[in-house]
Amino acid sequence: MTQRASELSGEQRAGAPGRGLTAAEVAERISRGEVNDVPVRSSRSLTEIVRANVFTRFNLIIGVLWVIMLAVAPIQDSLFGFVIIANTGIGIVQEWRAKKTLDSLAVVGESKPVVRRDGKAAAIHTSEIVLGDLIELGPGDKVVVDGTVAEADGLEVDESLLTGEADPVLKKTGDTVMSGSFVVAGGGAFTATKVGREAYAAQLAEEASRFTLVRSELRSGISTILKYITWMMVPTATALVISQLVVKEHNFKDSIARTVGGIVPMIPEGLVLLTSVAFAIGVVRLGRKQCLVQELPAIEGLARVDVVCLDKTGTLTEGGMDVTELRPLGDAEEPYLRRVLAAFGASEPRPNASLQAIIDAYPAPADGTWTTTGTLPFSSARKYSGAAFTEDGGASSAWLLGAPDVLLSEDDPALAEIGQLNEQGLRVLLLARARGELDAAQGAEPAALVVLEQRLRPDAGQTLAYFGEQRVATKVISGDNAVSVGAVAAKLGMEGAEHPVDARRLPEDTDEMATAMEQNAVFGRVTPQQKREMVAALQSRGHTVAMTGDGVNDVLALKDADIGVSMGSGSEATRAVAQIVLLNNSFATLPSVVAEGRRVIGNITRVATLFLTKTVYSVLLAVLVVCFQVEYPFLPRHLTLLSTLTIGVPAFFLALAPNKERAHPHFVRRVMRYAIPSGVICAAATFVMYLIARHHYSGTGALDAETSAATLTLFLVSMWVLAIIARPYTWWRICLVAAMGLAFLIVLAVPWLQDFFALKLVGTQMPWTAVGIAVVASVALEYVWRLVGRRFGA
């Protein structure tokens, strides 16, 4: 039995170490720089954002080519450089917007440790802690700096995030606590001995809480694609340079211009930009809904999730509860039991939701003379708490309060009555008189049932229905009685709620547990370690698992899940390990996060196909030019115009459009199996038209006429690729495609634009031939896309 060290009043602490530092001592330490000044940032600095967007491999290549073009060709052949400047600027602005949103949300969601100074407890920012501060601890609190325990009342600390050891460590006065660990049971206070960068997990904590763009299948896939493109581009560009400068004896500046015109479109320069912009805008959109995305890939990851594990309390139900009934058992009288419960509530300085409901229903009398002589803090693993008292007449008593099916034997007749209450979705606690030590439940004498009603979240049913429609399996994993949890889930219309499973009867084998998890939906009496094992079992079957929770008992599972989602009102430990924090504490926000992830992934897949189709046809055209020993058909201005109308502008709108398509794995394969055949068809149609035009036109201006015919063909075929990718059609998508076609017609029709872009169709035979070839190529595109869709799936 532990003696309470935190029951002393402020007056009793006067002159004792428990008063904490004085204001003068705090000022002195601040002047010496002994402050917890670790710069915890939720996002990259402005300098890092600019550097990441400006200093890229492809910006360097395009920058060099741009300088060359400015020296040897008219300004219209250097337009691609201005496009890159605009793209880079857009990327910087959007990420800066996302940074400001994240930083503001991080301040809102920041937890404040309670520090005792001059005998008074107050919540302050983590950065305001100084060396020697006395910091109070309670269940769910994260240890923010290193220190030595000064007060301990059944203080159990989980150091698994630092050491990997899952079992909580009981801390006594004088023991060391390290930053990064968190309290799972009990309470106390510790004196800060290392602050700032000297703290054990300071650097780790800074890195873990930083907004990041890594560990994403989408981004790693794009990086893989860019790597392959670089390998293809170097030999192809080298051969093209030799072909245009050595083999063909043309005007030097014109050869340079056409060589650059062949190299620039090989680079999908806007793909990385649009990925960053789509993610950044996703962060801003979710930020408006009070959703803090601590790691950017979490948006993408939740869109890929196919199993969501939910903790009932705080997720399906609201945090608060109400006592609806007190049922005495045996000879105990209700007034006496009410007094016991009042004393029990007064003995716990940081009550959980169940005990808070008891405190509200049975407040301790102002003139109460019951004295607390010992406590046993509630533990999720233990499922009960305890307290010992000296009563008014001097008699001693010890009591336990917790799960009836844990405190009672399996054949106890009271369990039948409890089962009926659980079937109604009510939560039932057993108050029992202890026989011996508080941590020994054996032999406890049942005294009363405390019946609690849980408040269902009004939007939980709709959210569960949404996941059902999206073919995302939901699993309710709770420490409460399985029947009660099943009844709550049934009220919300959850499929499978009629067959709840008691986790104490689950097999320990991972494969067998995975089978049980897949076949059932509701699990009760789950320990924190079991939650972790359940997540691992589902992952072993290839599932992408999201875990939601708000209590300290959810931390291990949140940490191991593919995506951890914490409520803003949850414990500091859960917020620290979760990738997504719902600051408005609304489970109903999750569909918005899923939808945002699907929008990002689906749309980036679409626009990536556009960009990579251009890369494929550019590389193939360069290879064909080298093989056939002819002039490269395009100047940079032609491909800048085509890229802008068929890729750049449409891709920007398509990347930000609504998209509810479920995320699919294997991003690179999915994109390339459409981009490669599309690029081959575009290149073949364009080069065939170019060869036909070369045989048709002759004399002065022949090359310009040939280029115009080839440009028309490539534009029409590329427009058909765009038309396919824009499906399913909506009014704005049709308008987008039509506007791009109209813009090209305007270029062909307006004389000064004809001169600016060096585009003038000569005669009628070749332009109509170009249209005919484009029609044949478009039919081929339709066939290939449908063939790929049937063979590999949409």
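About the criteria used
- Residues numbered from 1 in each chain as written.
- Predicted model: local features only at pLDDT ≥ 70, side-chain atom pairs only at ≥ 80, totals over all residues.
- Heavy atoms only, no water.
- Pairing = 2+ DSSP bridges.
- Helix = DSSP H or I, 4+ residues; strand = E, 2+ residues; numbered from the N terminus.
- Contact = heavy atoms within 4.5 Å.
- Axes fitted to C-alpha atoms, helices over the stretch in contact; angles between N-to-C directions.
- Buried < 20%, exposed > 50% of the residue type's maximum accessible area, 1.4 Å probe, protein only.
- Patch = residues over 30% accessible without salt bridge, like charges linked within 9 Å, V, L, I, M, F, W, Y side chains within 5 Å.
- Areas by Shrake-Rupley, 256 points an atom, 1.4 Å probe, with all protein chains shown as cover.
- Salt bridge = Lys/Arg side-chain N within 4 Å of Asp/Glu carboxyl O.

Engineer: Could you clarify how one ought to interpret the sheet that holds strand E20 (residues 563-567) in this entry?
Structural biologist: The strands that make up a sheet are held in pairs by hydrogen bonds between backbone atoms, and each pair lies either parallel or antiparallel. The mixed open sheet is built from eight strands, whose spatial order is E8-E21-E20-E19-E9-E16-E18-E17. With one partner strand each, in any of the chains shown, strand E8 (291-293) and strand E17 (501-502) form the two edges of the open sheet. Contacting strand E9 (307-310), strand E16 (473-477), strand E18 (522-524) and strand E19 (545-549), helix H19 (residues 528-540) runs over the sheet at an angle of about 160° to E19.

Engineer: Help me out: how do you make sense of the side chain of Asp480 in this one?
Structural biologist: Its place among the elements puts Asp480 in the loop between E16 and helix H17 (482-491). On the basis of relative accessible area, Asp480 is assigned to the buried category, the value being 8%. Once residues within four sequence positions are removed from consideration, Asp480 is found in contact with Lys312, Thr313, Arg427, Gln454, Val485, Gly524 and Arg525.

Engineer: Is there a simple way to explain unusual backbone geometry in this structure?
Structural biologist: Residues apart from glycine generally show negative phi values, whereas peptide bonds are mostly found in trans. Along the chain, Arg727 connects to Pro728 via a cis peptide bond; the corresponding omega equals -5°. We note that Arg471 has phi near 60°; this positive angle belongs to a residue other than glycine. Structurally, Arg471 can be placed in the loop between helix H16 (460-469) and E16. What makes Arg471 exposed here is its relative accessible area of 58%.

Engineer: So what exactly am I meant to see when it comes to the pairing of E19 here?
Structural biologist: On a regular strand, one side chain projects to one face of the sheet and the next to the other, so that they alternate. Counted residue by residue, E19 has five buried out of five residues, so it is predominantly covered. Burial of the side chains of E19 extends over both faces: Val545, Met547 and Gly549 are buried on one face and Ala546 and Thr548 on the other. Relative to E20, E19 runs parallel, the two being bridged by four bridges. Following the sheet pairing, Ala546 is matched in E20 by Ile563.

Engineer: Can you help me understand a nonpolar patch on the surface in this one?
Structural biologist: A grouping of Leu46, Val50, Val54 and Phe55 is seen on the molecular surface, where their side chains present a nonpolar patch of about 350 Å² in accessible area. Secondary-structure assignment places Leu46 in helix H3 (residues 46-54).

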